[in-house]
Amino acid sequence: MNVTRGFSGRPRVHNPGLPPGQYDARDDWPVLSAEVTPDLSPADWTFRIDGLVEEPRTWDWATAHELPASVHEGDIHCVTGWSKFGVRFAGVSLDAFWERVRPLPSATHVVAYAHTGYTTNLPLADLRDGRAWIAWEYDGRPLPAEHGGPARLLVPHLYFWKSAKWIAGLRLLDHDEPGFWERNGYHARGNPWAEQRYSGD
Amino acid sequence: MTEAFTPPTRFAVPGRIAVGAGTGNQWQTATLTGIRRETPRAASFRLAVPGWAGHLPGQHLMLQLSAPDGYTAQRHYSLASAPDDSGHIELTLDRVDGGEVSGWFHSEARPGDRVDVRGPVSGFFAWPGDRAALLIGAGSGVVPLMSMVRHHRARGLSVPLRLLVSARSPAELIYAREYGAETTPVFTRSGPPGAPVGRMTAAHLAPLLDDGPPGGWEAYVCGSNAFAEHASRLLVAAGQPVDRIRIERFG
């Protein structure tokens, strides 16, 4: 590491909530999707869980909203460097979905896929025990389309490319299988605290 | 090994190149060798990176500045230069108001300064020069597209390439003196005498899409999110398939 001549960084107070290499985006919420934002209305949205589960199921907007509501407040971290503190999402905890599909013991990994065809892979353990949600509201309002509305996956303890926008489904597998960005050089898991940005980190 | 999972819809385009394990995970020292002003707000920075593995037009890197107290600031920047085997790369940076890293580059940086870089990163927006490419950018969104134009020119490629670039005014058009017949500038606030002024419209795209090359275009869109949304919707409305539109949004 080279100390950069004449660089002191912006004035800062130590923030224990900020993972290494991240900065506080404050009021900004950058949009970083690779594909065209889809025209997807709540009426057209569906969410399916299949693969290594006892009972594959598909929910639509109405049946997903019959599940117990859950609010998540916390921080999000994007691999491009920004973090956003104290964001508030509403939706349903994935645990409510797991209760209904019942993952098989052989299931270890998940491919999350979007209505656009975007994919991302996650260890199943990262989606259980109150750490992941299907979110359709942000800050008390419907989630905007450019941020993944009508509904997105929310896995706030991993870099945000794992929180697939326009979520269409989860397929449970007995092995890890890289998704869209992971095939393009990004890390298989993406833990911000371990700075797992790129393949090989 | 089972076959990779394929989602039921295929809107998101696959990566253009395979990126090997470990690509971009080594920090390297880059030495600033030159600064060239492009517009009142943008300048190009030439960096010597002796261990640079090469890149494809459209790829980006991560750059890190380090303070004496150990604080670091990291940013992603698109590569502006074509791959040229010289051991040098170029970045073009806007001065961002209050920008921590761009502020250092525009106010402090001088030849001989050393910074850390890792990359190239991501094969998604890369263009190896093999397919007819329609490039659409605004502001500093033209930077990765210029890498493609320069590559096309340097290699004397015959594959069709067109660039639509939007800027507020001629004075704010980055790389203005480098464009040739492949480029159509669009000025949104003020233009040359007699030239139309206004945002990019379907009328700018129609002649390119109506008279496209056999097999159609691979479209690359780069700019602010607002511009990327606008341009990608124009493309879709004009008949460009969604799975042949690659977007890089400047957050």
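Residues numbered from 1 in each chain as written. Chains lettered and ligands numbered in written order. Predicted model: local features only at pLDDT ≥ 70, side-chain atom pairs only at ≥ 80, totals over all residues. Heavy atoms only, no water.

## Some words on the packing of aromatic side chains
If you walk through the whole model with that rule in mind, you get 22 aromatic pairs over all chains. With 6.4 Å between their ring centres and 80° between their planes, Trp45(A) and Trp136(A) make a pair best called edge-to-face. Placement of the pair is Trp45(A) in the loop between β1 (23-24) and β2 (46-51) and Trp136(A) in strand β8 (residues 133-138), with a sequence separation of 91 residues. The same class applies to Trp45(A) as to Trp136(A), namely buried. Through successive ring pairs, a cluster of aromatic residues spans Tyr118(A), Tyr159(A), Trp161(A), Phe180(A), Trp181(A), Tyr186(A), Tyr198(A) and Phe124(B). The positively charged end of Arg75(B) is found above the aromatic ring belonging to Tyr23(A), 4.3 Å away from the centroid. Over the face of the ring belonging to Tyr175(B) we find Arg150(B), whose NZ or CZ atom lies 4.7 Å from the ring centre. (Phe/Tyr/Trp six-rings, centres within 6.5 Å; stacked < 30°, edge-to-face > 60°. Helix = DSSP H or I, 4+ residues; strand = E, 2+ residues; numbered from the N terminus. Buried < 20%, exposed > 50% of the residue type's maximum accessible area, 1.4 Å probe, protein only. Lys NZ or Arg CZ within 6 Å of the ring centre and 35° of its normal.)

## Some words on the sheet that holds β2(A)
Residue and element names in this part refer to chain A. Overall, mixed pairing links the five strands, which are arranged β3-β2-β11-β6-β7 in an open sheet. Of all strands in the sheet, those with a lone pairing partner are β3 (57-60) and β7 (119-123), marking the two edges. Between one strand axis and the next, the sheet turns through 15° on average, direction left out of account. The sheet contact formed by strand β6 (residues 109-114) and β7 spans five bridges and is antiparallel. Note that in β7 the partner of Val110 across the bridge is Leu122. (Pairing = 2+ DSSP bridges. Axes fitted to C-alpha atoms, helices over the stretch in contact; angles between N-to-C directions.)

## Some words on the sheet that holds strand β4 (residues 72-78) of chain B
All names here are of chain B. The strand order β4-β3-β6-β1-β2-β5 describes an open sheet built from six strands, whose pairing is antiparallel. With partners counted over all chains shown, the strands left at the sheet margins are β4 and β5 (88-94), one partner each. The average undirected angle you get between the axes of adjacent strands in this sheet is 40°. Inspection of the sheet shows strand β3 (residues 60-66) paired to β4 by seven bridges, in the antiparallel sense. Paired with Gln64 across the strands is Gln74, a residue of β4. Sheet strands touched by helix α1 (residues 100-107): β1 (28-37), β2 (42-48), β3, β4, β5 and β6 (114-121). Its angle to β4, the strand with the most contacts, is close to 80°. (Contact = heavy atoms within 4.5 Å.)

## Some thoughts on the domain arrangement of chain B
Reports of interface size often rely on the accessible area that becomes lost once the parts have come together. Residues and elements named next belong to chain B. According to the domain assignment, chain B contains domain 1 (27-120) and domain 2 (133-249). Facing 20 residues of domain 1, the contacting portion of domain 2 comprises 16 residues. Both faces combined, the contact of domain 1 with domain 2 buries some 1,400 Å², and carbon together with sulfur accounts for 51% of it. Linking domain 1 with domain 2 are zero salt bridges, by the criterion used here. Taken together, domain 1 and domain 2 are joined by seven residue pairs in polar contact (both at pLDDT 80 or more). Of all the elements in the fold, those that place two or more residues in the side of domain 1 that touches domain 2 are β1, β2 and β5. Counting residues per element, the side of domain 1 that touches domain 2 draws most heavily on β5, which supplies three residues. The residue makeup of the side of domain 1 that touches domain 2, split by class, is seven nonpolar, eight polar and five charged. (Domains from an automatic or database assignment. Buried area = accessible area lost by both parts, 1.4 Å probe. Salt bridge = Lys/Arg side-chain N within 4 Å of Asp/Glu carboxyl O. Polar contact = N/O pair within 3.5 Å; in protein donor to acceptor, adjacent residues only side chain to side chain. Nonpolar A, V, L, I, M, F, W, Y, C, P; charged D, E, K, R; others polar.)

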